[in-house]
Amino acid sequence: MEILLSRNKEIIREYIEEKSKIGFIPTASELDKDRWYIEKDIEDLNKMKFNIVYIDVSKESKEEIVKKFNDIDAIFVAGGNSFYLLQQLKIKDVLQELIEFSNNKIYVGSSAGACIACPSIDYLQKLDNKLQAPLLDNCNAMNLVDFYVLPHYKSKEKYTKIADKIEKNYNNYKFVKISNEQAIIVDEVNNYRVVETN
């Protein structure tokens, strides 16, 4: 199953038991100077009493990453630049393994981590800097869901206007917009619902 978030992650307590091993992928944030939101993610997951297993996609080998996938109960893919995240997963050739993991266990995607669960991330070019992923040759993503996520909706007026414009420009895409206090819960047969997270 998939849990796709903007920021607030309290909802995952309902689906992942305390003491569970949760893989944490902060890769999307690597190019940010201020990674406060990663520190907040780690703090929150520790408060929920999960056992965090750090997975550094950029630095670890494919074998090391896959071994960790096999040893965890759920995975949390954090926010940052969606294009850079997808590039690094493809460079390390672990995108298919992440898809297989998600089909069998629990995938939690926050912001960029939620967006790469979609069929493609091409629609994000007004929100994320694609130039930060110069080696990304296509935007095909995990295709775990049949819709496209626009996270952080209504968090800032400028962001909301861009999101609305993206929705208008990509009128053949099915978008699901979520605020920082909402999440998308996707079950095993791909039915989804938007829920409040606070």
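The notes below deal with the structure included here.

## Thoughts on the overall build of the chain
- Each helix and strand in the chain was counted, giving 6 helices and 9 strands.
- Its C-alpha atoms give the chain a radius of gyration of 15 Å, within 12% of the compact-globule value 16 Å for 198 residues.
- The dimensions of the chain, computed from C-alpha atoms along their principal axes, are 40 × 40 × 35 Å.
- In the chain, which comprises 198 residues, the proportion classed as buried is 54%.
- Looking at the chain alone, contacts between residues at least 24 apart form 77% of all its contacts between residues at least 6 apart.
- Summed over all atoms, the accessible surface of the chain reaches about 9900 Å², with 45% contributed by carbon and sulfur.
- Separation between the mean location of the 28 positive side-chain charges and that of the 32 negative ones in the chain comes to 5 Å.

## Remarks on helix 6 (residues 157–169)
- Relative to the 18 Å expected for 13 residues at 1.5 Å per residue, helix 6 spans 18 Å between its end C-alpha atoms, a close match to the ideal helical length.
- Inspection of helix 6 places Tyr-159, Thr-160, Ala-163 and Ile-166 among the buried residues, and these make up the whole buried set. Considered in projection along helix 6, the buried side chains sweep an arc of 120° and stay on one side of the axis. Set apart from the buried face of helix 6 by more than 90 degrees, the exposed residues are Glu-157, Lys-158, Lys-161, Lys-165, Lys-168 and Asn-169.

## Quick look at the pattern of salt bridges
- Following the criterion strictly, the structure yields 13 salt bridges and no others.
- Between Lys-62 and Asp-93 there is a salt bridge, and its shortest N-O distance comes to 3.0 Å. Taken together, the positions of Lys-62 in helix 2 (residues 62–69) and Asp-93 in the loop between helix 3 (82–91) and helix 4 (95–104) put the pair 31 residues apart, joining distant regions of the chain.
- For Lys-62, a relative accessible area of 25% translates into the label partly exposed.
- What emerges from the salt-bridge pattern is a single network uniting Lys-9, Lys-40, Asp-41 and Asp-44.

The rules we used
Residues numbered from 1 in each chain as written. Predicted model: local features only at pLDDT ≥ 70, side-chain atom pairs only at ≥ 80, totals over all residues. Heavy atoms only, no water. Helix = DSSP H or I, 4+ residues; strand = E, 2+ residues; numbered from the N terminus. Rg over C-alpha atoms; globule rule 2.2 N^0.38 Å. Buried < 20%, exposed > 50% of the residue type's maximum accessible area, 1.4 Å probe, protein only. Contact = heavy atoms within 4.5 Å. Areas by Shrake-Rupley, 256 points an atom, 1.4 Å probe, with all protein chains shown as cover. Lys, Arg positive; Asp, Glu negative; His and termini not counted. Charge placed at Lys NZ, Arg CZ, Asp CG, Glu CD. Expected span 1.5 Å × (residues − 1). Arc of directions from axis to C-beta. Salt bridge = Lys/Arg side-chain N within 4 Å of Asp/Glu carboxyl O.

All we've got here are geometric facts, nothing functional implied.
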